[in-house]
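Structure assessment
One-letter residues, chain by chain:
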Protein chains: 2
Amino acid sequence: MKIDKDFVAASATPLVLAILNEGESYGYAIIKRVRELSGGELQWTDGMLYPLLHRLERNGYVKSTWGKSETGRRRKYYRLTDRGLEQLARQQRQWQVVDSTLRGIWFTGKDAALQGI
Amino acid sequence: MKIDKDFVAASATPLVLAILNEGESYGYAIIKRVRELSGGELQWTDGMLYPLLHRLERNGYVKSTWGKSETGRRRKYYRLTDRGLEQLARQQRQWQVVDSTLRGIWFTGKDAALQGI
DNA sequence: AATTATACATAGCTATTCTATGTATTGTCA
DNA sequence: TGACAATACATAGAATAGCTATGTATAATT
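Reading guide: rules and limits
- Every chain is numbered independently, its residues counted from 1 as its sequence is written.
- Chains and ligands are labelled sequentially in the order written, the chains with letters from A and the ligands with numbers from 1.
- Thresholds applied to this predicted model are a pLDDT of at least 70 for local features of residues and 80 or more for the giving and counting of side-chain atom pairs; totals over whole chains, interfaces and linings are not thresholded and use all residues.
- The way it works is that DSSP assigns letters per residue, a run of H or I at least four long becomes a helix, a run of E at least two long becomes a strand, and they are numbered from the N terminus.
- Every radius of gyration here is taken over C-alpha atoms, with the globule rule written as 2.2 Å times N^0.38, N being the number of residues.
- Any residue pair is listed as a contact if its two C-beta atoms, each placed from the backbone, are within 7 Å.
- C-alpha atoms of residues with pLDDT of at least 70 in both copies form the basis for the least-squares superposition of the copies.
- When DSSP finds two or more bridges between two strands, those strands count as paired.
- Any residue whose C-beta atom, as set from the backbone, lies within 6 Å of a molecule or strand is reported as near that molecule or strand.
- Lys, Arg, Asp and Glu make up the charged group, whereas Ala, Val, Leu, Ile, Met, Phe, Trp, Tyr, Cys and Pro make up the nonpolar group; the residues left over, Gly among them, are polar.
- Throughout, an axis means a line fitted to C-alpha atoms (over the contacting stretch in the case of helices), and angles, computed between N-to-C directions, take values from 0 to 180 degrees.
- Convention used here: angles under 35 degrees read as roughly parallel, angles over 145 as roughly antiparallel, angles from 65 to 115 as roughly perpendicular, and any remaining angle as oblique.
- Handedness of a helix crossing follows the sense of rotation of the near helix relative to the far helix, less than a right angle counterclockwise being left-handed and clockwise being right-handed.

**So, the overall build of chain A**
When helices and strands are counted, chain A shows four helices and three strands. Along its sequence from the N terminus, chain A presents helices and strands in the succession α-β-α-α-β-β-α. Computed over C-alpha atoms, the radius of gyration of chain A comes to 17 Å, more than 25% over the 13 Å expected from 2.2 N^0.38 for 117 residues, which places it beyond the range of a compact globule. Overall size of chain A, expressed as C-alpha extent along the three principal axes, is 60 × 30 × 20 Å. Partitioning the contacts of chain A with sequence separation of at least 6, the portion at a separation of at least 24 is 47%.

**A few points about the relation of the copies chain A and chain B**
In screw terms, the move from chain A to chain B is a rotation of 180 degrees and a rise of 0.0 Å along the axis, fitting with an RMSD of 0.0 Å. Here the symmetry operator amounts to a two-fold rotation axis. No C-alpha of chain A lies nearer the rotation axis than that of Ala10(A), which sits 3.2 Å from it. Take the interface residues of chain A: 100% of them recur as interface residues in chain B, which is what a same-surface contact looks like.

**Remarks on the pairing of strand E2 (residues 62–68) of chain A**
Residue and element names in this part refer to chain A. As defined by bridge partners, E2 adjoins strand E3 (residues 74–80) across seven bridges and the pair is classed as antiparallel. Considered in E3, the bridge of Lys63 is made with Arg79. Hairpin remark: E2 followed by E3, antiparallel, with five residues in the connecting loop; positive phi at Gly72, about 95 degrees.

**A short note on the protein's contact with DNA strand C**
Near DNA strand C lie 24 residues; those nearest to it are Gly47(A), Thr71(A), Tyr26(B), Gly27(B) and Arg75(B). Those elements that place two or more of their residues in the surface near DNA strand C are helix H1 (5–21) and helix H3 (46–58) of chain A together with helix H2 (27–37), helix H3 (46–58) and strand E3 (74–80) of chain B. Its residues placed into classes, the surface near DNA strand C shows nine nonpolar, eight polar and seven charged.

**What about the sheet that holds strand E1 (residues 25–26) of chain A?**
Across a sheet, paired strands are connected by hydrogen bonds in the backbone, their directions being either parallel or antiparallel. All names here are of chain A. Spatially, E1-E3-E2 is the arrangement adopted by the three strands of the open sheet, whose pairing is antiparallel. Each end of this open sheet is capped by a strand with a single partner; those strands are E1 and E2. As defined by bridge partners, E1 adjoins E3 across two bridges and the pair is classed as antiparallel. Each residue of the ladder has a partner; that of Tyr26, found in E3, is Tyr77. The sheet strands contacting H3 are E2 and E3, and the helix crosses E2 at an angle near 125 degrees.

**Concerning the protein's contact with DNA strand D**
Lining the immediate surroundings of DNA strand D are 25 residues, of which Tyr26(A), Gly27(A), Arg75(A), Gly47(B) and Thr71(B) lie closest. Of all elements in the fold, only helix H2 (27–37), H3 and E3 of chain A together with helix H1 (5–21) and H3 of chain B reach the threshold of two or more residues within the surface near DNA strand D. The dominant element in the surface near DNA strand D, judged by the number of residues it contributes, is H3(A), at five residues. The residue makeup of the surface near DNA strand D, split by class, is ten nonpolar, eight polar and seven charged.

**Observations concerning the packing of H1(A) against H1(B)**
Following both chains from N to C, one finds H1(A) and H1(B) inclined at 150 degrees, their axes separated by 8 Å at the closest point. Taken together, the axis directions place H1(A) and H1(B) in an arrangement best described as roughly antiparallel. For the crossing formed where H1(A) meets H1(B), the hand is left-handed. Taking contact as the criterion, the partners of Asp6(A), Phe7(A), Ala9(A) and Ala10(A) in H1(A) are, on H1(B), Asp6(B), Phe7(B), Ala9(B) and Ala10(B). Here the contact of H1(A) with H1(B) is composed, by residue class, of six nonpolar, no polar and two charged.

Such coordinate-based values are descriptive only and should not be taken to indicate function.
Set out below in structure tokens:
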């Protein structure tokens, strides 16, 4: 299923912050984790994630350090800051508001659009 | 609570389509309905809704006709098309995917960010 | 008479994303 | 050993599109 640009955009930051809340990680692994979490529905490109990570770091939500993989490949590890954790909580509350609003009307129409969710 | 731009953008179209699935409506009333549905959290401006309605009509999701209020004021009534109903169902499925993905990780971190949702 | 609420419209500024492209190393398979 | 796939990160800037700001008009209310 193709997921609309707007949905991808809205979920990108909360997803990355939540993934880093599990423990530090790095770009390539985050992409695979998103694919996994979404059951293959969300397939991010690296060219979209790296700028997002840079943005998050600029905003102080994450902090990066260079490291190495077991095999010696260079990696940039990201971890959540306190500010990042706060932002995650804020976004969860906001998502909740929007989700409730949508659910409040999706199943009340005289002819509900979607059956059997 | 301030709702992030991205969340507002992602929910705008599905919300309007769902509102029109309840029956035909018009700009001003849609804004009030959104405020109501969200418990006052989502406060759309008219300058943001009208262009959205025009876009939806351009895409064939809604159809408009000029009418009049009881008091004689001119109004543009919008109703959902078949294509619009399909789009609503599509967006509901997509939202479901994204929402499940987020919920799948939000409450699994070694230190869950948000308590007591 | 003045203000607020109702009702719709759009030019074009502004912000922002992500596509496209580039670099480099390691693993694998034929 | 050569080629390809996978791993790993970076960024310029094109493209676009959403929304702010602004304008118009009438009815209701104070």
